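Listed here are the chains, written in short residue letters.
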Amino acid sequence: MPHSKTCTDVLIIGSGLAGMSLALSLPATLRITLLSKGRADECASAWAQGGIAAVLDASDSLEAHVQDTLIAGAGLCDETAVRRILEQGPDAIAWLQQHGVPFSTQANGQLHLTREGGHRARRIVHATDRTGLAVHQRLLQACQRLGHITLLQHCTAIELLQDAQHRCVGATVRNADGRHQRMLASHTVLATGGMGQIYPSTTNPATTTGDGIAMAWRAGCAVRDLEFMQFHPTALHINGKAVGLVSEALRGEGALLRLPGKNGNPGERFMLRHDSRAELAPRDIVARAIDTEMRVHQLSHVLLDITHQSRDWLAQHFPGVMALCAAHGIDIATQPIPVAPCAHYTCGGVQAHVDGRTSVAGLWAIGEVARTGLHGANRLASNS
Ligand SMILES: Cc1cc2nc3c(=O)[nH]c(=O)nc-3n(C[C@H](O)[C@H](O)[C@H](O)COP(=O)(O)OP(=O)(O)OC[C@H]3O[C@@H](n4cnc5c(N)ncnc54)[C@H](O)[C@@H]3O)c2cc1C
């Protein structure tokens, strides 16, 4: 197969939130090439619903966020990495606001903070329930405005290139027209997201096939904790199949998990039998509890009930979930939502320092593909 050759300073493989944030943060003196396997918006980042966790309320504290993260991670987080990453939360939100991300606000103009499982405080910044799309659109526009950033869509990296000393010097890429090209770079960054698509049922987009982890492994780079795949407790389940995500923020706003009762009505509430934090226990606990109930009662799903909230309130706070359910004939203002757990987040990945360094010189890993020690065995909601 003939190979053409191009050179760049920084080759970023992946144009989700991780790849674009890096591209926008590097000096404009560098030539940056940003790849996406499909269209730029076909990534987990654009699909994120709930929001981004950051300590912004006076009654909250960094220490509380750290402790919630360590508890959710089942004692397997790297505490130094947790502290270094979480302390940057408020600055990261301010940076996104500078890029024009329209986060939801309260009547007084302050950011509206919602709550999710495993968090002891309201600390989730969001743009209704379409946070990822709002963030992705703004950062994509910013990248497209800058002349030193070249975005190449429908370009798939298939192999990392290494010199005689095993330093990474770029990647072989299959272009939109199917031709292979060698892209040489002083620095190569894996920002390829997770690997949810290797499971039969997942919330992840089709692009999420673990390419970055596989390429890093083949290049002799350390990978770690690949067994820690997070299952989201509440994927919308229709005819035995996951068809989308029902944000954890619904439970943060009082939605209850129930067994199906008679005539399709919601039956017994069961989470209190599994954990004193009930619906707001961390994800792994809620997912396991649902799985147990499904096995014991031989069910294809359980029900998530938010009918205590008014239609107007739901339309204001959860327009995305409302539209998704309506497309499958479910009115969440009057009907419970059929849900079941499915593969959602890759907690392990390419072993990386919090600054993205990997065990191979010239190769960096950021975002979901990286295993920094932030998540341990289980990611705390909205911590990605
Ligand atoms: C439905 C859903 C809801 C979520 N909600 C939340 C939430 O509310 N809060 C939260 O914190 N997290 C949430 N997450 C997780 C979060 O969205 C992701 O962890 C995060 O967005 C990952 O960002 P990323 O940039 O690392 O990867 P992605 O956004 O997945 O981007 C990966 C990029 O890599 C590209 N790519 C992959 N392989 C190749 C290749 N071989 N060659 C070239 N390009 C390649 C893809 O095309 C894509 O551009 C959610 C995830 C999903 C799926």
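Residues numbered from 1 in each chain as written. Predicted model: local features only at pLDDT ≥ 70, side-chain atom pairs only at ≥ 80, totals over all residues. Heavy atoms only, no water.

1. A word on the overall build of the protein chain
Stage number 1. Tallying secondary structure elements over the protein chain gives 11 helices and 19 strands in all.
Stage number 2. The principal-axis extents of the C-alpha atoms in the protein chain amount to approximately 65 × 45 × 40 Å.
Stage number 3. Taking all 384 residues of the protein chain together, 54% fall into the buried category.
Stage number 4. Accessible area for the protein chain stands at about 16600 Å²; split by element, carbon and sulfur atoms hold 51% of it.
Stage number 5. Between the mean site of the 33 positive side-chain charges and the mean site of the 32 negative ones, the protein chain shows a separation of 4 Å. (Helix = DSSP H or I, 4+ residues; strand = E, 2+ residues; numbered from the N terminus. Buried < 20%, exposed > 50% of the residue type's maximum accessible area, 1.4 Å probe, protein only. Areas by Shrake-Rupley, 256 points an atom, 1.4 Å probe, with all protein chains shown as cover. Lys, Arg positive; Asp, Glu negative; His and termini not counted. Charge placed at Lys NZ, Arg CZ, Asp CG, Glu CD.)

2. Description of the packing of aromatic side chains
Stage number 1. Counted under the stated rule, the structure contains 2 aromatic pairs.
Stage number 2. For the pair Tyr-199 and Phe-231, a centre-to-centre distance of 5.6 Å together with 90 degrees between the ring planes defines the contact as edge-to-face. Taken together, the residues span a long stretch of sequence, with Tyr-199 in the loop between strand 9 (180–190) and helix 7 (211–218) and Phe-231 in strand 11 (residues 229–238) at a distance of 32 residues.
Stage number 3. Among the residues examined, Phe-231 registers a relative accessible area of 34% and is labelled partly exposed.
Stage number 4. One residue, Arg-379, lies across the ring of Tyr-345, its end atom 4.3 Å from the ring centre. (Phe/Tyr/Trp six-rings, centres within 6.5 Å; stacked < 30°, edge-to-face > 60°. Lys NZ or Arg CZ within 6 Å of the ring centre and 35° of its normal.)

3. With respect to the layout of surface pockets
Stage number 1. In this structure, the second largest pocket encloses a volume near 290 Å³.
Stage number 2. Lining the second largest pocket are 19 residues, with Phe-231, Ala-287, Arg-288, Asp-291 and Pro-341 sitting closest to its centre.
Stage number 3. Every element with two or more residues in the lining of the second largest pocket is listed here: strand 11, strand 12 (241–245), helix 9 (283–296) and strand 16 (337–346).
Stage number 4. Considering each element in turn, the lining of the second largest pocket owes the most residues, 6 residues, to helix 9.
Stage number 5. In terms of residue class, the lining of the second largest pocket is built from 9 nonpolar, 5 polar and 5 charged. (1 Å grid on protein atoms, 1.4 Å probe; cavity = no way out; pocket = protein on both sides within 12 Å on 5 of 7 lines; lining within 4 Å. Points joined across faces, edges and corners; volume = space filled by probe spheres on them. Nonpolar A, V, L, I, M, F, W, Y, C, P; charged D, E, K, R; others polar.)

4. Focus on the site of the ligand
Stage number 1. Of all residues adjacent to the ligand, which total 37 residues, the nearest are Ser-45, Gly-51, Asp-211, Glu-368 and Ser-384.
Stage number 2. With respect to the ligand, the backbone of Ser-382 contributes an N or O atom lying 3.5 Å from an oxygen atom.
Stage number 3. Per-element tally for the shell around the ligand: the top contributor is helix 2 (residues 44–47), with 3 residues.
Stage number 4. In the shell around the ligand, the residues fall into 13 nonpolar, 20 polar and 4 charged. (Near = heavy atom within 4 Å. Polar contact = N/O pair within 3.5 Å; in protein donor to acceptor, adjacent residues only side chain to side chain.)

5. Describing the environment of Ile-158
Stage number 1. Tracing the chain through its elements places Ile-158 in strand 7 (residues 156–162).
Stage number 2. Sequence spacing of Ile-158 and Asp-211 is 53 residues, and the spatial spacing of their C-alpha atoms is 7.7 Å.
Stage number 3. Setting aside residues no more than four positions away along its own chain, Ile-158 makes contact with Thr-172, Arg-174, His-180, Met-215 and Arg-218. (Contact = heavy atoms within 4.5 Å.)

6. Concerning the domain arrangement of the protein chain
Stage number 1. As assigned here, the protein chain comprises domain 1 (3–226 + 347–371) and domain 2 (229–344).
Stage number 2. Each side of the interface is counted separately: domain 1 has 24 residues, and domain 2 has 26 residues.
Stage number 3. When domain 1 packs against domain 2, close to 2000 Å² is buried across both sides, 53% of that on carbon and sulfur atoms.
Stage number 4. If you sort the residues of domain 1 by the area they bury against domain 2, Gln-49, Asp-129 and Thr-203 come out on top, with a joint share of 26%.
Stage number 5. Linking domain 1 with domain 2 are 1 salt bridge, by the criterion used here. (Domains from an automatic or database assignment. Buried area = accessible area lost by both parts, 1.4 Å probe. Salt bridge = Lys/Arg side-chain N within 4 Å of Asp/Glu carboxyl O.)

7. Quick look at the sheet that holds strand 17 (residues 349–351)
Stage number 1. With mixed pairing, 3 strands are arranged side by side in an open sheet as 10-17-19. What marks the edges here is a single partner per strand, and that holds for strand 10 (223–224) and strand 19 (370–371).
Stage number 2. In terms of strand pairing, strand 10 meets strand 17 through 2 bridges, oriented antiparallel. The residue of strand 17 that forms the bridge with Arg-224 is Gly-349. (Pairing = 2+ DSSP bridges.)

8. Details of the sheet that holds strand 16
Backbone-to-backbone hydrogen bonds pair the strands of a sheet. The strands run either parallel or antiparallel.
Stage number 1. Read across the sheet, 6 strands follow the order 12-11-16-15-13-14 without closing on themselves; strand pairing throughout is antiparallel. Only two strands of the sheet have a single partner each, and these edge strands are strand 12 and strand 14 (266–269). In this sheet, neighbouring strand axes are inclined to one another by 60 degrees on average, regardless of whether the strands run parallel or antiparallel.
Stage number 2. Across 2 bridges, the pairing between strand 13 (residues 256–260) and strand 14 is antiparallel. When the sheet's bridge partners are listed, Pro-260 is paired in strand 14 with Pro-266.
Stage number 3. Helix 11 (residues 319–327) contacts strand 11, strand 12 and strand 16 of the sheet and is inclined by roughly 150 degrees relative to strand 12. (Axes fitted to C-alpha atoms, helices over the stretch in contact; angles between N-to-C directions.)

9. Here's the deal with the environment of Phe-270
Stage number 1. If you trace the backbone, Phe-270 turns up in the loop between strand 14 and helix 9.
Stage number 2. Exposure remark for Phe-270: the relative accessible area of 0% places this residue in the buried category.
Stage number 3. Residues Phe-270 and Ala-289, 19 residues apart in the sequence, show an inter-C-alpha distance of 8.4 Å.
Stage number 4. Apart from the residues lying within four places of it in its own chain, the contact partners of Phe-270 are Leu-257, Arg-258, Leu-259, Ala-289, Ile-290, Glu-293 and Val-302.

10. Examining empty space enclosed by the protein
Any empty space left between atoms is shown by rolling a water-sized probe over those atoms.
Stage number 1. Here the structure, examined in full by the defined rule, presents 1 cavity of 30 Å³ or more.
Stage number 2. Estimates place the volume of the largest cavity at around 60 Å³.
Stage number 3. Around the largest cavity, the lining residues are Gly-50, His-112, Thr-114, His-126, Thr-128, Asp-129, Ala-249, Glu-253, His-317 and Phe-318.
Stage number 4. Grouping the constituent residues of the lining of the largest cavity by class yields 2 nonpolar, 6 polar and 2 charged.
Stage number 5. When residues of the lining of the largest cavity are assigned to domains, at least three map to each of domain 1 (3–226 + 347–371) and domain 2 (229–344).

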